[in-house]
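This is what each chain is made of:
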Amino acid sequence: MQYPALIMDKSKIRHNAKILSEMAAKHGIKIAGVTKVLCALPALGEAMVEGGVYALADSRIENLEKLKNIDAPKILLRIPMLSQVERVVQYADISLNSELEVIKALNDAAKDKNKVHHIILMVDLGDLREGVWYQDAVEYAGEIAKLKHIKLIGVGTNLTCYGGVIPSYENLGNLVKIAEEIEQRFGMKLDVISGGNSSSIYLIQKNEIPERVNQIRLGEAIVLGTESAYGERIENTYSDAFTFAAEIVELKEKPSVPIGEIGRDAFGGIPVFEDKGIIQRAIVAAGRQDVKHEGLIPKDKGISILGASSDHMILDVTNGEKHYKVGDIIEFDVNYGALLAAATSEYVNKIVK
Ligand SMILES: *Cc1c(COP(=O)(O)O)cnc(C)c1O
């Protein structure tokens, strides 16, 4: 086994996807499983589909391409780049859009391939990330309706991403109103009302999600078992489907405070130290090139993380639950940021068990 490693327990992901799919189904909502946090490792997509998500979604077309052998509709989450429209039409069944120029380019690309490409129009309800401003959405839909190789299948929104706006009965209700206005004005039926991400779960739990919302796009909730409006754990799900593991390369008793005048650390910060006397310090072979150490939680509750530079992470193992030695593996739980960093680092060995 090669370390550092990011270990995914496929059965826990399958379980989380199942619990969430069943919860959503009771409210007439289907789940698109978001794979971007693990660079769309096909095993992650498979586990999600086995658990019951109806589609797979990712922000990068390269990632959807990796999932092409999995039998589920693929949704591109990030607004397509003009330079990628051909690939988008080829590898995504549905894309989320907010720019008419891009949608027209998708129309041309779909025409060349003799296809009709499906899109969801993103509406900005105030979070200020992507989306047509809510007051302009109906007009926009009218322009899209003129394109022969594009089918507008629905509207969607993204909240709690940039502006931190929390989904509510009111703001998602506005999305439904916009959908209904589009349907009336242009005599079309919209099949999808996509009501956000892992921050919309609490609304489902409180039974306050507007009735016509029938799709949500879930990443964090499936991979970590947490909703993201308030950071609460979701009952009956696993939070430890992923483990980061690194190997001890040095283990010594040393003081807890450096000796000498303190300048800046490797990242320009001025470090501060708590004097705990002589401690048992372990260096593991993993650093900021591998993971975001602030987002790691040692599984051994007696260990604390003192800091990390590019390639070294320093731990205080004085009160560890076992006596460590050089070569031992230390395991950590991860938060979203640590998971994303480890998944995208080429130095980290990705293991599926
Ligand atoms: C990443 C992303 C999601 C998933 O967000 P989570 O908080 O991980 O559930 C949903 N929609 C869009 C547009 C995204 O970019």
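Rules used in this analysis
Residues numbered from 1 in each chain as written. Predicted model: local features only at pLDDT ≥ 70, side-chain atom pairs only at ≥ 80, totals over all residues. Heavy atoms only, no water. Near = heavy atom within 4 Å. Polar contact = N/O pair within 3.5 Å; in protein donor to acceptor, adjacent residues only side chain to side chain. Areas by Shrake-Rupley, 256 points an atom, 1.4 Å probe, with all protein chains shown as cover. Core = buried A, V, L, I, M, F, W, Y, C linked by side-chain atoms within 4.5 Å. Buried < 20%, exposed > 50% of the residue type's maximum accessible area, 1.4 Å probe, protein only. Domains from an automatic or database assignment. Helix = DSSP H or I, 4+ residues; strand = E, 2+ residues; numbered from the N terminus. Pairing = 2+ DSSP bridges. Axes fitted to C-alpha atoms, helices over the stretch in contact; angles between N-to-C directions. Parallel < 35°, antiparallel > 145°, perpendicular 65-115°, else oblique. Left-handed = near helix turned anticlockwise from the far one by under 90°. Contact = heavy atoms within 4.5 Å. Nonpolar A, V, L, I, M, F, W, Y, C, P; charged D, E, K, R; others polar. Phe/Tyr/Trp six-rings, centres within 6.5 Å; stacked < 30°, edge-to-face > 60°. Lys NZ or Arg CZ within 6 Å of the ring centre and 35° of its normal.

The subject of this paragraph is the site of the ligand. Around the ligand sit 13 residues in total, of which Lys-36, Ser-198, Arg-217, Gly-219 and Glu-220 are the nearest. Between Lys-36 and the ligand, the recorded distance is 2.8 Å, taken from a side-chain N or O atom to an oxygen atom. Within the side chain of Ser-198, a nitrogen or oxygen atom sits 2.5 Å from an oxygen atom of the ligand. When the ligand sits alone it has 390 Å² of accessible area, and the protein chains cover 93% of it.

Counting residues in each nonpolar core, the largest one holds 98 residues, and the members touching the most others are Ile-13, Phe-242 and Phe-244. For this core, the domains that each give at least three residues are domain 1 (10–224) and domain 2 (242–352). One finds Ala-55, Leu-77, Ile-153 and Val-192 within the second-largest nonpolar core, a separate group that totals 12 residues.

Burial of the side chains of strand E1 (residues 5–8) extends over both faces: Ala-5 and Ile-7 are buried on one face and Leu-6 and Met-8 on the other. Of the strand pairs in this sheet, E1 and strand E11 (residues 242–255) are connected by 4 bridges, and their pairing is antiparallel. Within E11, the residue paired with Met-8 across the bridge is Phe-242.

Following both chains from N to C, one finds helix H6 (residues 137–145) and helix H7 (residues 169–186) inclined at 45 degrees, their axes separated by 9 Å at the closest point. On the basis of their axis angle, the class for H6 and H7 is oblique. In the packing of H6 onto H7, the handedness of the crossing is right-handed. Only Ile-178, Glu-181, Ile-182, Arg-185 and Phe-186 of H7 make contact with H6, whose side of the interface consists of Ala-137, Val-138, Glu-139, Ala-141 and Gly-142. Grouping the amino acids of the contact of H6 with H7 by side-chain chemistry returns 6 nonpolar, 1 polar and 3 charged.

Next up on the list: the packing of aromatic side chains. One pass over the full model with this rule turns up 3 aromatic pairs. For the pair Trp-133 and Tyr-134, a centre-to-centre distance of 5.2 Å together with 50 degrees between the ring planes defines the contact as tilted. Arranged with centres 5.1 Å apart and planes meeting at 90 degrees, the rings of Tyr-202 and Tyr-230 form a pair that is edge-to-face. With Tyr-202 in helix H8 (residues 201–205) and Tyr-230 in the loop between helix H9 (220–224) and E11, this pair connects stretches of sequence that are 28 residues apart. Directly above the ring of Phe-267 sits Arg-288, whose terminal nitrogen or CZ lies 3.8 Å from the centroid.

This part takes up the pairing of strand E12 (residues 278–284). With respect to burial, E12 is a largely interior element, 5 of its 7 residues being buried. Relative to E12, E11 runs antiparallel, the two sharing 7 bridges. The residue of E12 that forms the bridge with Lys-254 is Ile-279. Where E12 lies against strand E15 (residues 313–316), 4 bridges are found, and the strand directions are antiparallel. Bridged to Ile-283 within E15 is Ile-314.

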